[in-house]
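What follows is each chain in one-letter form.
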Amino acid sequence: MSTLIVKRLSKHFAGVQALNNVSFTARGGEVLGIIGPNGSGKSTLLDLLSGVVVADQGELVIGGKPIHSRHQLHAGSVLKLGITRTFQTPRLFDNSSVLDNMLMAFAPRGVLKSFVTRDAQSLPRARAALSKIGLWSKRDQRAGTLSYGQKKLLEIARVVALDRSILLLDEPFAGLFPAMRQIISGMVHELRRKNKTVLLVEHDMRQIARLCDRVLVLDNGAIIAEGTPAQVLRTKKVREAYLGT
């Protein structure tokens, strides 16, 4: 179990302050929702935490270990720090099979090794993960031939299978049918039971209310409210910024 502490995280792009001195704590076994209007800084926050973009300033504390984001947090190091993520648009190996995409989550020596290793331990785990999301029958298809919803399910299942302590989920429910949403909701509940730390960016307030223990509300790159879903929705600033009322 790892507690994630974010301190004074900031980023600007070409003079635009995308994130401004953002600080918060997310604990193991907690699902923390991140909401806000378009352009509020939600995706930038996940990009900084996952090393996709380098912060201008800020510090993370992961499991009690300080990480200076500007120098130490980058895409090549985040898995070692216990952080993994999904993206709004799934990022898969489109020309490789569905099974090989899943096997990479179990490979101890990297992605390329996973494509040629189908050992007695990894195959049953991959089968279980793909069966849970209804894709075992498509295991030999190229991942690029899957539907949009199936690609999202595969990416989320692969990220969960990596078994890291901190998971960043970027709009996992967007564009999915109810049955697929139910599968992902089950995954999130299971992550909570396993004491994982989950940051969930989502526009659907019904999903936020059902799944999240606490919610952060971003607007113009800053946190304007924090609390339970019911508490933040009663806040005037939130209703003005997020709901327009």
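Structural data are supplied above this passage.
Residues numbered from 1 in each chain as written. Predicted model: local features only at pLDDT ≥ 70, side-chain atom pairs only at ≥ 80, totals over all residues. Heavy atoms only, no water.

Peer 1: Could you give me a rundown of the sheet that holds strand β3 (residues 31-35), with the residues and numbers involved?
Peer 2: Strand order in the open sheet formed by six strands is β6-β7-β8-β3-β9-β10, with mixed pairing between adjacent strands. Edge positions in the sheet fall to β6 (83-85) and β10 (222-227), since each of these pairs with one other strand and no more. Strand-to-strand twist in this sheet, taken as the mean axis angle between neighbours without regard to direction, amounts to 20°. Across four bridges, the pairing between β3 and strand β8 (residues 197-201) is parallel. Across the sheet, residue I34 finds its bridge partner in β8, namely V201. (Pairing = 2+ DSSP bridges. Helix = DSSP H or I, 4+ residues; strand = E, 2+ residues; numbered from the N terminus. Axes fitted to C-alpha atoms, helices over the stretch in contact; angles between N-to-C directions.)

Peer 1: Could you give me a rundown of unusual backbone geometry, with the residues and numbers involved?
Peer 2: Unlike most non-glycine residues, N21 shows phi in positive territory, near 50°. Position of N21 relative to the elements: it lies in strand β2 (residues 16-26). Residue classification places N21 among the partly exposed residues on the basis of a relative accessible area of 43%. The backbone of N220 shows a phi angle near 55°, a positive value even though the residue is not glycine. Look at N220 and you get exposed, because its relative accessible area is 61%. (Buried < 20%, exposed > 50% of the residue type's maximum accessible area, 1.4 Å probe, protein only.)

Peer 1: Describe the packing of helix α7 (residues 148-161) against helix α8 (residues 178-193), with residues and values.
Peer 2: Where α7 meets α8, the axes come as close as 11 Å, and the angle between the chain directions of the two elements is 10°. Considering their axes alone, α7 and α8 lie roughly parallel with respect to each other. For the pair α7 and α8, the contacting residues are G149, Q150, L153, I156, A157 and V160 in the first and M180, I183, I184, M187 and L191 in the second. The residue inventory of the contact of α7 with α8, partitioned by class, reads nine nonpolar, two polar and no charged. (Parallel < 35°, antiparallel > 145°, perpendicular 65-115°, else oblique. Contact = heavy atoms within 4.5 Å. Nonpolar A, V, L, I, M, F, W, Y, C, P; charged D, E, K, R; others polar.)

Peer 1: Residue-level account of the pairing of β8, with values.
Peer 2: Counting buried positions over the five residues of β8 gives five, a clear majority of the element. With burial as the criterion, each face of β8 is covered, one bearing T197, L199 and V201 and the other bearing V198 and L200. In this sheet, β8 lies alongside strand β7 (residues 166-170) in parallel orientation, the contact comprising five bridges. Opposite I166, over in β8, you have T197 as the bridge partner. At this point the chain moves from β7, through α8, to the parallel β8, and the crossover so formed is right-handed. (Right-handed = clockwise from strand over helix to strand, strands pointing away.)

Peer 1: Any details on the pattern of salt bridges? Residues and values, ideally.
Peer 2: Across all of its chains, the model carries 12 salt bridges by this definition. Close ionic contact of E190 with K132 constitutes a salt bridge, the shortest N to O distance being 3.2 Å. A residue pair is termed long-range when its members are at least 10 positions apart, and E190 in helix α8 and K132 in helix α6 (residues 122-132) qualify at 58 residues. On the basis of relative accessibility, which here comes to 23%, the residue E190 falls in the partly exposed class. (Salt bridge = Lys/Arg side-chain N within 4 Å of Asp/Glu carboxyl O.)

Peer 1: Provide a residue-level description of α7, including the pertinent values.
Peer 2: For α7, which comprises 14 residues, the first-to-last C-alpha distance of 20 Å matches the rise-based estimate of 20 Å (1.5 Å per residue) to within 8%. Across the 14 residues that make up α7, a large majority, 12, are buried. Among the residues of α7, G149, Q150, K151, K152, L153, L154, E155, I156, A157, R158, V159 and A161 are the ones counted as buried. Tucked inside the fold, the buried residues of α7 contact β6, α4 (98-103), α6, β7 and α8. (Expected span 1.5 Å × (residues − 1).)

Peer 1: Before we move on, can you summarise the packing of aromatic side chains with the specific residues and values?
Peer 2: Scanning all chains against the criterion turns up zero aromatic pairs. Across from the ring centre of F87, 3.9 Å away, lies the NZ or CZ of R85, which sits over that ring. (Phe/Tyr/Trp six-rings, centres within 6.5 Å; stacked < 30°, edge-to-face > 60°. Lys NZ or Arg CZ within 6 Å of the ring centre and 35° of its normal.)

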